[in-house]
Amino acid sequence: MSLALRIFLYLSGFALVAALGVAIAAGLYVYALVADLPDYQALQRYEPPTTTRVHAGDGSLVAEFARERRLFVPIEDIPPRVIEAFLSAEDKNFYEHPGVDFWGVVRASFDNVNNYLQGRRLEGASTITQQVAKNFLLSSEVSIDRKIKEALLAFRIEDAYPKKKILELYLNEIYLGSGSYGVAAAALNYFDKALTELSVAEMAYLAALPKAPNNYHPIRARERGIERRNWVIGQMLENGYITPSEAKAAMEDPLHVQMRPPGTQNAEVEYFAEEVRRTIMQRYGEQSLYDGGLVVRSTVDPKLQAAGLAALRTGLIAYDQRHGWRGPVSKIDLGEGWEKRLSEVPRLADVTEWTLAVVTRLRDDNSAIIGLEDGSQGVIPFDGMNWAKPFISDRSVGAAPTKASDILGAGDVVYVERRAEGDATYLLRQVPAVNGALVALDPHTGRVLAAVGGFSYFKSEFNRATQALRQTGSTFKPIVYAAALDHGYTPSSIVMDAPFVIEQGPGLPLWKPENYSHNFLGPTTLRVGLSLSRNLMTVRLAHALGMDVVAGYAERLGATDNMEPVLAMSLGAKDTTLLALTSAFAVFANGGRRVEPTFIDRVQNRSGETIYRHDDRACAECNADQWQGQEEPALSSPGKDVLDARTAYQVVSLLQGVVQYGTGTAVKDVGVPLAGKTGTTNDEKDAWFIGFAPDLVAGVYIGFDQPRPMGRGETGGAVAAPVFRDFMKVAVGTRPAIPFRIPPGIELIRVNRKTGLTTSADDPYAILEAFKAGETPESGTDLVEGEYAASGVVDDPAAYGSRPVAPASTVTEGTGGLY
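Note that the structure is predicted; figures quoted are calculated from it, not measured.

Enquirer: I'm lost on the packing of aromatic side chains in this one. Help?
Expert: In this description, an aromatic ring pair is defined by two values, namely the gap between the centres and the angle between the planes. This structure, assessed with the given rule, holds 16 aromatic pairs. Here the aromatic rings of Phe94 and Tyr95 are separated by 5.2 Å at their centres, their planes lie at 75 degrees, and the arrangement is edge-to-face. Accessibility expressed as a relative area gives 0% for Phe94, which makes it buried. When the ring of Tyr175 is compared with that of Tyr181, the centres are 4.8 Å apart and the planes differ by 50 degrees; the resulting orientation is tilted. Given the relative accessible area of 33%, Tyr175 is considered partly exposed. Three or more aromatic residues link up through ring pairs in this structure, and these residues are Tyr190, Phe191 and Tyr205. Sitting above the plane of the Phe94 ring, Lys163 keeps its charged end 4.4 Å from the centroid. Arg283 extends its terminal NZ or CZ atom over the ring of Tyr612, reaching a point 4.2 Å from the ring centre.

Structure representation (C-alpha cells):
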C-alpha cells in the first residue's frame, strides 16, 4: 500500500472519528436542551393578561385598567386581511413549513452577509411559530441555546396544534408598541377602531410593528413607519392578497392615527372611573383588575356626568371670583424661547376649556396681550378680568380694579378661557381654592348616574363625593321632621320658634342654639319651620322625640352610622359623606325604600359569565320556556322599606315648600317639580343642597378641604343651590313636568301654608297639604306653651304668644339664599 493511500485512509478515519465525536457531542447537547425545554402544552391552558374595560350605562367606553393593554380575540373574529398582512410581513410560508422555514434561514443568511458589509440591520428568520415559542415559553435572551430551543419547540408546537391556534396565540400576544399587546388592542390604541373597521393601510401599519415598534412610531418616527408600512403593502400585493389599485391607494394614505390614552378615556369621568377601580380592586383583587379581562358595566350617564362637572366648576369659580384674585400661576422671562418656558409650567390637563398663557404687554385700553404655547397671541379685555379684586381673606377683598395693571403684569402666567369659539379674546381664570362635590342617582334603584369628586382630578384625586366626611348642617333636618311625622305630628303642627337653652352637664356651659337670622317666629307650623330652616324648632322637635329616635331614623335611612344621641346632631353636627346623605334623600323620593347606591351594574369575566349583578332580585317566572297564557312576571321593588310611604310623601311636600318659598328658591326656575333642602354649618364652613325630582336625586356640597369659614352669606342657598339648579336644568329641565307620586292613605286638604289652618280656595296662601288618612289640620301634636316642659329645658316665656298659631302676617317669606 502506498504511503499516499495510507495517509488518506488515516486522515479519513480520523475525520470519521472526529465527525462521529461531533455528532455524539451535538446529540448530547441537543438532548440536554430537549430535557430542559419548557412544557409546550401550557399553551393549551394559556389565559393572557387582558385589559379590564369599564363601560358607561350607554355602552360607551369609560376606562381601561391593565398592565398590558390586550384584548383577546378568537381567530374566527380576526378579519382574514389582518392575518394576511401579518403573514406577508412576518412569515409568508407559514402554512407550508413545519415550524422552521429552512429556505428562509438560508435566504436570510445570504442576505445578512450583504447587510453586514453595508452596515445594515441583520434580518431574522424566525417563523411565527418560533415567535410564539419565544414569546410564550422562552426569554428574549440572545444566544445559540435559546435559538435552538426555539426551533425545537416550534416543531413540537406544530405537531400539537393546528395552524389557526398558533396564529390566534401570536396575534393576541405580539407586542405592537404604545402598551398594545395583540392586534385588537393595537387597532384601538392607534386608530380607535375595531379590527373589522381597519383599512388596508392601517392593517399594514400594524403588521409593520412587530420587528421594532419604537422604530416605526407613528409620531416620533413617522417617515420610517410609512416606509415600513409600504413595504408590507408591497408584500401583500406580491402574495396576491390585494389588488394593484388597493396597494396604490394604501401607499398614498398619509397615516392618520388617533392615539388613545391608557386609563380613563374622558377627563370628565376621572372621579367616577377611579371609584369603579377601587370597588373592583376591593371585590376581586389586583390581579383580576389589571390582568383579568373583566367587562364592567358602570352606572354612569356621560351626559349627566358632564353636566355635573360643568355645574360644579361654574359654582366653584363663581364663589372664588367673589373672593378675589390671588395672583398669577407663575412668572416667566419673556425673552427668546418663552414658548418653551411656558410649556414647562405645570397645568391642569383635565380642565380642557382653560389654557395657560403669558401676559406679554398691557395696552392703553386696559386690555392685556397674551401669548400662547404655539406662539399665537390673544387679548384679555378689561371686562374679562375686572372681577379680580385683590384677595385679602376669605371674608374680605380689596377695592375693585380700575386698570389692567392693578391685576396683571408682563411675564405673568395665568389661566385663560376663550370667550367664544374662534374668538381671539379670552377671560381671566383662577383655580378655585374652595372645592366641593356633586352626586346624582336614581332614587328607585340606587344607580349612581354622576359623581364629581372635585374641581380637577389632576389637582386632587381625593373624591369628595364618596370620601369626604363633612358636617351636614340643615340638610339633616328632613330626617328629624320625618321622625316627627311618624310620631303624631302633621305638617300643620305648631312648634315654638323661641329661645332654647339646655344644660349640657356638670361644669359645662349651657347650650344655646340660634337661628341663622337671630330672630324668632313664635308658634310656627312644621311646614314654615322646615321651609325657612328654623334651628330652634328642629331642636325642640328632636328633644321631644328623643335623640335615640332621631339617631335611629338617620341610621335606618342610611344617612350615617353610629350617631351619638346628642341634640347638636339634629342640626347636622354629625359628619357623613355626600353620597350617604343623598342616598338617604332617595328614601323620600321613592316612597320610603332604602336602596344601596352603586357605581356598577354588572361585571362579567373574560368568558362572558356574569359574576356580579347589582339588581339581584329573584324572578323564577322570568325563565319560562314559553308563554302559555300566564301572567307577566312581577318583580318586587329594589331595596327595603324603611319609612312609611305616607310619611315620605309628607316630607316631599314639605321640601317642595323649601324650593317654592323657602331657603331653596334659587332652584325654582328649573321649571319642573322639585323638592330639596339647603344646609349650612357653623361659620359657613360647609354649604349643602340636596334635592330631587320624582326620578332623580342629586346632592351638592362645597367647602374648603381643610374646613374654614367661607364668608358671611356663603350658605347652602347661595353657594350649593345654584350648582344643583344648573345641573338639574340639563338633567330634567327639558323633560315634561312629572308630579311627585301620591301614595294611598294620603288626603289633600286645603290650608293656609303659613298658619296650617283650613282655608278657602281664594286664599293667596292656600295650598293642598298632605295629611295621613284620619288626620286634620287641627289634629296632631303641638309643642307650645303649657305643653312642653322638660327637665333641663328653659324657654323664654316672652317669646310665646297667647295663641298656639301665629297670625299669617307674622310669618315672613324666606329669601332663598341665607340658610
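Enquirer: Looking at this model, I keep getting lost on the pattern of salt bridges. Mind explaining?
Expert: Two side chains of opposite charge can pair, provided their charged atoms sit close to one another. Summed over the entire model, instances satisfying the criterion amount to 41 salt bridges. Measuring nitrogen to oxygen at the nearest pair gives 3.1 Å for the salt bridge that ties Asp383 to Arg419. A residue pair is termed long-range when its members are at least 10 positions apart, and Asp383 in the loop between strand E9 (377-380) and strand E10 (391-393) and Arg419 in the loop between strand E12 (412-418) and strand E13 (426-429) qualify at 36 residues. Ionic pairing is found between Asp601 and Arg447, a salt bridge with its closest N-O pair at 2.8 Å.

Enquirer: Help me understand empty space enclosed by the protein, please; the structure alone is not making it clear to me.
Expert: Unoccupied space between atoms shows up once a probe the size of one water molecule is rolled over them. Going through the model one piece at a time under the given rule, you end up with five cavities of 30 Å³ or more. Approximately 90 Å³ is the volume attributed to the largest cavity. Forming the boundary of the largest cavity are Val672, Ala693, Pro694, Asp695, Leu696, Val732, Arg735, Pro736, Ala737 and Ile738. Residues of the lining of the largest cavity, tallied by class, amount to eight nonpolar, no polar and two charged.

Enquirer: Looking at this model, I keep getting lost on the nonpolar core. Mind explaining?
Expert: Generally speaking, a soluble globular protein has its nonpolar side chains buried in company with each other. Counting residues in each nonpolar core, the largest one holds 86 residues, and the members touching the most others are Ile479, Leu541, Phe588, Leu655 and Phe692. Element by element, the count of residues in this core is highest for helix H19 (residues 578-589), at nine residues. Residues contacting Phe588, with those up to four places away along its chain left out, are Pro478, Ile479, Ala482, Leu557, Leu643, Ala648, Val651, Val652, Leu655 and Phe692. In this structure, Leu153, Leu176, Met203 and Ala247 belong to the second largest nonpolar core, which totals 53 residues.

Enquirer: Hey, could you run me through the sheet that holds strand E26 (residues 687-693) in this one?
Expert: Spatially, E15-E14-E27-E26-E25 is the arrangement adopted by the five strands of the open sheet, whose pairing is antiparallel. Bordering the open sheet on either side are strand E15 (448-452) and strand E25 (675-680), each of which pairs with just one other strand. Between one strand axis and the next, the sheet turns through 5 degrees on average, direction left out of account. Pairing of strand E14 (residues 435-441) with strand E27 (residues 696-703), which is carried by seven bridges, proceeds in the antiparallel orientation.

Enquirer: Help me out: how do you make sense of a nonpolar patch on the surface in this one?
Expert: Where nonpolar side chains cluster on the molecular surface, the patch consists of Ile742, Leu748 and Leu768 and spans about 260 Å² of accessible area. Note on placement: Leu768 falls in strand E29 (residues 766-772). Given the relative accessible area of 48%, Leu768 is considered partly exposed.

Enquirer: Even after reading the chapter, I still don't get helix H8 (residues 200-208), so can you show me in this structure?
Expert: Side chains three or four residues apart in an α-helix point the same way, a direct result of the helix having 3.6 residues per turn. The buried count for H8 comes to nine of nine residues, which makes it a mostly enclosed element. Where H8 is buried, its residues meet helix H2 (80-90), helix H7 (183-191), helix H9 (222-238) and helix H10 (244-251).

Enquirer: Can you walk me through the pairing of strand E23 (residues 610-613) in this structure?
Expert: Looking down a regular strand, the side chains alternate between one sheet face and the other. Where strand E22 (residues 600-604) and E23 come together, three bridges link them in antiparallel fashion. By the bridge assignment, Arg602 is partnered in E23 with Arg613. Count of turn residues in the E22/E23 antiparallel hairpin: five residues, of which Gly608 carries a positive phi of about 90 degrees.

Enquirer: Where do I start with helix H13 (residues 302-322) in this structure?
Expert: Its 21 residues give H13 an end-to-end C-alpha distance of 30 Å, which sits within 8% of 30 Å, the value for a rise of 1.5 Å per residue. A side-chain oxygen of the first residue of H13 lies 3.0 Å from the backbone nitrogen of Lys303; this N-cap is Asp301. One or two positions beyond H13, positive phi appears at Gly324, with a value near 95 degrees.

Enquirer: Teacher, can you tell me more about the pairing of strand E7 (residues 354-362) here?
Expert: Bridging between E7 and E12 involves five bridges; their strand directions are antiparallel. Bridged to Val358 within E12 is Val413. With four bridges connecting them, E7 and strand E8 (residues 368-371) associate as antiparallel partners. Looking across to E8, one finds that Arg361 is bridged to Ile369. In this structure, the hairpin formed by E7 and E8 is closed by a connection of five residues, where Asn366 is found at a positive phi of approximately 70 degrees.

Enquirer: Explain the packing of helix H15 (residues 477-485) against helix H20 (residues 645-661) to me, please; I cannot follow it from the model alone.
Expert: Two packed helices can be described by the angle between their axes and the distance between those axes. Following both chains from N to C, one finds H15 and H20 inclined at 135 degrees, their axes separated by 9 Å at the closest point. By the angle class used here, H15 and H20 are oblique. The element H15 and its partner H20 pack so that their crossing is right-handed. For the pair H15 and H20, contact is made by Pro478, Tyr481, Ala482 and Leu485 and by Thr647, Gln650, Val651, Leu654 and Leu655, respectively. The residue makeup of the contact of H15 with H20, split by class, is seven nonpolar, two polar and no charged.

Enquirer: Where do I start with the packing of H13 against helix H21 (residues 716-731) in this structure?
Expert: Following both chains from N to C, one finds H13 and H21 inclined at 150 degrees, their axes separated by 9 Å at the closest point. Taken together, the axes of H13 and H21 are roughly antiparallel relative to one another. Here the hand of the crossing between H13 and H21 comes out right-handed. Contacts between H13 and H21 involve Lys303, Leu304, Ala307, Gly308, Ala311, Leu312, Thr314, Gly315 and Arg322 from the first element and Val719, Val723, Asp726, Phe727, Val730 and Ala731 from the second. Classifying every residue of the contact of H13 with H21 gives nine nonpolar, three polar and three charged.

Enquirer: Would you mind showing me how to read the environment of Lys772 here?
Expert: As for its placement among the helices and strands, Lys772 is situated in strand E29. Classification of Lys772 by relative accessible area gives buried; the value is 7%. Ignoring anything within four residues of it in the chain, the contact list for Lys772 reads Leu485, Asp486, Arg646, Thr647, Gln650, Gly745 and Ile746. A polar contact of 2.8 Å, which involves the side chain of Lys772, links it to the backbone oxygen of Leu485.

Enquirer: What am I meant to see in the side chain of Ser180 here?
Expert: You can see Ser180 is positioned in strand E4 (residues 180-181). Engagement of the side chain of Ser180 in a polar contact is seen with the side chain of Asn189, the distance being 2.8 Å. Excluding residues that lie within four positions of it along the chain, Ser180 makes contacts with Arg69, Ile174, Tyr175, Ala185, Ala186, Asn189 and Tyr190.

Enquirer: It is not clear to me how unusual backbone geometry should be interpreted in this structure. Could you clarify?
Expert: A positive phi angle, close to 55 degrees, is found at Ser178, a residue other than glycine. The residue Ser178 is located in the loop between helix H6 (163-173) and E4 in this model. Taking relative accessible area as the criterion, Ser178 reaches 27% and is therefore assigned partly exposed. Even without being a glycine, Asn366 presents a positive backbone phi close to 70 degrees. Topologically, Asn366 is positioned in the loop between E7 and E8. Here Asn366 falls in the partly exposed class, since its relative accessible area comes to 24%.

Enquirer: Explain the sheet that holds strand E1 (residues 52-55) to me, please; I cannot follow it from the model alone.
Expert: Neighbouring strands of a sheet are bound in pairs by backbone hydrogen bonds; such pairs are parallel or else antiparallel. Across the sheet, which stays open at both edges, the five strands sit in the order E2-E1-E5-E22-E23 with mixed pairing between neighbours. Every interior strand has two partners, whereas the edge strands, strand E2 (61-65) and E23, have only one. Across the sheet, the axes of successive neighbouring strands diverge by a mean angle of 15 degrees, strand direction being ignored. Alignment of E1 against E2, held across four bridges, turns out to be antiparallel. Across the sheet, His55 pairs through a bridge with Leu61, a residue of E2.

Cut-offs and rules
- Residues numbered from 1 in each chain as written.
- Predicted model: local features only at pLDDT ≥ 70, side-chain atom pairs only at ≥ 80, totals over all residues.
- Heavy atoms only, no water.
- Phe/Tyr/Trp six-rings, centres within 6.5 Å; stacked < 30°, edge-to-face > 60°.
- Buried < 20%, exposed > 50% of the residue type's maximum accessible area, 1.4 Å probe, protein only.
- Lys NZ or Arg CZ within 6 Å of the ring centre and 35° of its normal.
- Salt bridge = Lys/Arg side-chain N within 4 Å of Asp/Glu carboxyl O.
- Helix = DSSP H or I, 4+ residues; strand = E, 2+ residues; numbered from the N terminus.
- 1 Å grid on protein atoms, 1.4 Å probe; cavity = no way out; pocket = protein on both sides within 12 Å on 5 of 7 lines; lining within 4 Å.
- Points joined across faces, edges and corners; volume = space filled by probe spheres on them.
- Nonpolar A, V, L, I, M, F, W, Y, C, P; charged D, E, K, R; others polar.
- Core = buried A, V, L, I, M, F, W, Y, C linked by side-chain atoms within 4.5 Å.
- Contact = heavy atoms within 4.5 Å.
- Pairing = 2+ DSSP bridges.
- Axes fitted to C-alpha atoms, helices over the stretch in contact; angles between N-to-C directions.
- Patch = residues over 30% accessible without salt bridge, like charges linked within 9 Å, V, L, I, M, F, W, Y side chains within 5 Å.
- Areas by Shrake-Rupley, 256 points an atom, 1.4 Å probe, with all protein chains shown as cover.
- Expected span 1.5 Å × (residues − 1).
- Polar contact = N/O pair within 3.5 Å; in protein donor to acceptor, adjacent residues only side chain to side chain.
- Parallel < 35°, antiparallel > 145°, perpendicular 65-115°, else oblique.
- Left-handed = near helix turned anticlockwise from the far one by under 90°.

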